[in-house]
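Read off the chains here:
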Amino acid sequence: MILVYADHDRGVIEPLTFQALTFARDIDPDVHAVLIGGSSAGLNASTAAAELGEYGAQVVHIAGLSDYSDYAPLAAARALVTLLGSTGAQALIAASSPRGNEVLAHVAAITDRPFVADCYSIAIGAPHKIVRARWAGNLHEEVDVDAEAADVLIATVFPHITEATTAPAAGAITEFTAAVSQDDLAVQVINRVGASTGGVTLPEAKVIVSGGRGMGGPDGFGILESIAAALGGTVGCTRVVTSAGWRPHSEQVGQTGTKVAPDLYLACGISGATQHLAGCKNSKTLVAINTDPDATIMNHADYIIVGDVNQVLPMVLQEIQDAKS
Amino acid sequence: MEIAVCVKRVPLVGSTFMLTDDAMAIDTSRIGATLSPHEENAVEAAVRLIEVHGGSITLFSVGSAQAEEQLREQLAIGADRAVLIETEGTEIDSQATAAVLAQAIDQDATDFDLVLLGTESADSGGYQTGIRIAHALGRPVVTNVKGLDITDNKATCERAVGAIREVYEVQLPAVISVLDGLNIPRYPSVPGRIKARKKPVDRLSITIPEPTTIRTSLRVPQSADKGAINLGSGQQGAKALVEVFKQIGVM
Ligand SMILES: Cc1cc2nc3c(=O)[nH]c(=O)nc-3n(C[C@H](O)[C@H](O)[C@H](O)COP(=O)(O)OP(=O)(O)OC[C@H]3O[C@@H](n4cnc5c(N)ncnc54)[C@H](O)[C@@H]3O)c2cc1C
Ligand SMILES: Nc1ncnc2c1ncn2[C@@H]1O[C@H](COP(=O)(O)O)[C@@H](O)[C@H]1O
């Protein structure tokens, strides 16, 4: 049996969890899911269990911890450790989301087992044979994991390698109790700040107009904002741009920024470093505008314009406006 | 305030990854090295905290002798001393790395109020070293931190979730792992570099635990050279691009 930790935020299940369930089913069809937190954490047990059942969870274990009013990583991990002990699962899997990686790393630390993050494929055995991401997926690493040390394999699934598919199963709820101390709740979300500005955020944007060093400076981004606005999208940028303070880090795309997959990614004055591509290579259509025809980004683009952004972009904006009127 | 920062030397990879013939490592013969970006932010955060609260910064690194280069760079930015746990050159797995770092921090003469790390290393991306160190030292840990303020021995940490930020509070001593975007790291100044030459980089030898995760090979995934369509230049290119926008349904 494989346990899948279902990462949720006040009852909303992290969508990557459905990919993790699909991935886990391929290893062993006997998949159980785990939810931590009761109604005080915003969880509607029957709705959530039904959703997880849709994606193949035979059983949904729920730890309705009192005091778990919001996400508390160590408390969640403690509960998972209890469950591992009582269910005899051969693996504990989660999505490679910030919470998935965090909670599973805690479980691994508590139980002194290996933790393998960002897996592409897992073959349980002795040793376990795993392919995982390094450098945000720019390299694939094959590893052997000692089966004695990893008597329960603890691993997360690299995002978007498996498409979430439904496979309706019972999703039968069983509640369990776990000993969680006040110390385990010392680190817990106590507040949320900074209401959404109303604009389109990077992860949800259908169009991203992105600029790199080639935009020349903060003023260069004005035209990118205009084009983004005309297409109902938002602005992105490279790390060079955020490091120089031209744009806020929330707009950075890449390995250490946001990973995006919009319908259109318009890369302007961006060279296409592997760490930048790690964040945008899943875009449906990638267009690059660059003075250098040999820039790496040109090999990853669907369409290119070889030219100076200062000349090309105003023309593009004009053409959009003409086409609209 | 006494702060420990764990930093790792990684290859400075540009547009392509070149592997060694045995496909066990990145061929670093023609490229430089750097720190993982998140760790640059961790050092910057430490320097800012010391500016306000006083105290000192100790860097810890597990790696080859060459990691001294990255340690000197961060000493030039404002760290006071460094401890290098030298390995034979091959990278060791996350579990072993964390055990070695925890031991080095624990046995150090300084009692650290705060241990700072990156949330994930640039190369390995294990997402675990900070959490394991926290458990080994019996301290609370907050990860993915993009906003940090410390007053009265209490750290207020912010973590980005979509467009909003979650707030966590934790009493020191604690372990905090941070993300790029926490701050904009400064560059070393010339006087900083001169001072750094005299700062101590101590070598520490610690027995490395048996690995539980063993690399058997590395592979560069095939990147689809999409054979881009050149839309032309100038006005003609701009017109063609707008046609593409219509075709793919974004206009
Ligand atoms: C571990 C690690 C993680 C990283 N994470 C990220 C990340 O998350 N995101 C990220 O972006 N980077 C990241 N980086 C940095 C990355 O390696 C590159 O340094 C960065 O992406 C380059 O940004 P750039 O393309 O804007 O600049 P450059 O590489 O300098 O490229 C500028 C481009 O603009 C073109 N250009 C110049 N002038 C014009 C003009 N007038 N018109 C048109 N084109 C012009 C040039 O031909 C060139 O191709 C990371 C690095 C490391 C080591
Ligand atoms: N070899 C190392 N030496 C020093 N610090 C390290 C080392 N490996 C990892 N770390 C620290 O742990 C963080 C998380 O790494 P990881 O768990 O590998 O993703 C990094 O950002 C570093 O701060």
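What counts, and where the lines are drawn
Residues numbered from 1 in each chain as written. Chains lettered and ligands numbered in written order. Predicted model: local features only at pLDDT ≥ 70, side-chain atom pairs only at ≥ 80, totals over all residues. Heavy atoms only, no water. Salt bridge = Lys/Arg side-chain N within 4 Å of Asp/Glu carboxyl O. Helix = DSSP H or I, 4+ residues; strand = E, 2+ residues; numbered from the N terminus. Buried < 20%, exposed > 50% of the residue type's maximum accessible area, 1.4 Å probe, protein only. Near = heavy atom within 4 Å. Polar contact = N/O pair within 3.5 Å; in protein donor to acceptor, adjacent residues only side chain to side chain. Areas by Shrake-Rupley, 256 points an atom, 1.4 Å probe, with all protein chains shown as cover. Nonpolar A, V, L, I, M, F, W, Y, C, P; charged D, E, K, R; others polar. Pairing = 2+ DSSP bridges. Axes fitted to C-alpha atoms, helices over the stretch in contact; angles between N-to-C directions. Contact = heavy atoms within 4.5 Å. Buried area = accessible area lost by both parts, 1.4 Å probe. Domains from an automatic or database assignment.

1. Some points on the pattern of salt bridges
All names here are of chain A. Scanning the entire structure with this criterion turns up 37 salt bridges over all chains. Between R113 and D151 there is a salt bridge whose closest N-O contact spans 2.6 Å. Note that R113 is positioned in the loop between α4 (98–111) and β7 (116–123) and D151 in the loop between β9 (139–145) and β10 (153–157), a separation of 38 residues in sequence. With relative accessibility at 13%, the residue R113 sits in the buried group. Of the residues examined, D151 reaches a relative accessible area of 47% and is grouped as partly exposed.

2. A look at the site of ligand 2
Residue and element names in this part refer to chain B. Around ligand 2, a shell composed of 19 residues is seen, among which C6, E39, V62, S121 and T129 lie nearest. The separation between a nitrogen atom of ligand 2 and a polar main-chain atom of V7 is 3.3 Å. Q128 places a main-chain nitrogen or oxygen 3.0 Å from an oxygen atom of ligand 2. Protein chains shield 97% of the accessible area of ligand 2, which is 480 Å² for the free molecule. Those elements that provide at least two residues to the shell around ligand 2 are β4 (56–63), α3 (94–107) and β6 (114–118). Ranked by residues supplied to the shell around ligand 2, first place goes to β4 with 3 residues. Of the residues in the shell around ligand 2, the class split is 7 nonpolar, 9 polar and 3 charged.

3. Remarks on the sheet that holds strand β8 (residues 147–151) of chain B
Spatially, the 4 strands line up as an open sheet ordered β12(A)-β10(B)-β9(B)-β8(B), and their pairing is antiparallel. Of all the strands in the sheet, the pair left with one neighbour each is β12 (191–193) of chain A together with β8 of chain B. Neighbour-to-neighbour, the strand axes of the sheet open up by a mean angle of 25°, direction not taken into account. As paired elements, strand β9 (residues 154–161) of chain B and strand β10 (residues 164–171) of chain B share 8 bridges and run antiparallel to each other. Following the sheet pairing, A160(B) is matched in β10(B) by R165(B).

4. Observations regarding the interface of chain B and chain A
Listed as interface residues are 78 residues of chain B and, on the opposing side, 81 residues of chain A. Approximately 6800 Å² of surface area, both sides summed, lies buried where chain B meets chain A, with 58% of it carried by carbon and sulfur atoms. Summed over the shared surface of chain B and chain A, the result is 9 salt bridges. Seen at the junction of chain B and chain A, the total is 35 residue pairs in polar contact (both at pLDDT 80 or more). The greatest single-element share of the side of chain B that touches chain A, amounting to 11 residues, is contributed by helix α6 (residues 234–247) of chain B. Grouping the constituent residues of the side of chain B that touches chain A by class yields 35 nonpolar, 25 polar and 18 charged. Relative to strand β14 (residues 229–230) of chain B, strand β17 (residues 303–306) of chain A is paired through 2 bridges, and the arrangement is parallel. Opposite I304(A), over in β14(B), you have N230(B) as the bridge partner.

5. Topic: the site of ligand 1
By nearness alone, 29 residues border ligand 1, and R213(A), T238(A), S271(A), Q275(A) and N290(A) come closest of all. Of the chains in the model, those with residues near ligand 1 are chains A and B. Residue R213(A) places a side-chain N or O atom 2.5 Å away from an oxygen atom belonging to ligand 1. Within the contact set of ligand 1, a nitrogen atom lies 2.8 Å away from a backbone nitrogen or oxygen of V253(A). Burial of ligand 1 by the surrounding chains reaches 83%, relative to a free accessible area of 990 Å². Secondary-structure elements contributing two or more residues to the shell around ligand 1 are α6 (239–243), α7 (274–280) and α9 (309–324) of chain A. Split by residue class, the shell around ligand 1 holds 9 nonpolar, 16 polar and 4 charged.

6. A few points about the domain arrangement of chain A
A common way to report how large an interface is uses the accessible area buried once the components associate. Residue and element names in this part refer to chain A. Under the domain assignment, chain A is made up of domain 1 (2–185) and domain 2 (202–324). Between domain 1 and domain 2, the residue contacts involve 4 residues of the former and 6 residues of the latter. Between domain 1 and domain 2 the total buried area reaches about 440 Å² when both faces are included, carbon and sulfur atoms providing 49% of it. When residues of domain 1 are sorted by the area they lose upon contact with domain 2, W135, A136 and N138 head the list and together hold 84% of the total. Connecting domain 1 to domain 2 are 2 residue pairs in polar contact (both at pLDDT 80 or more).

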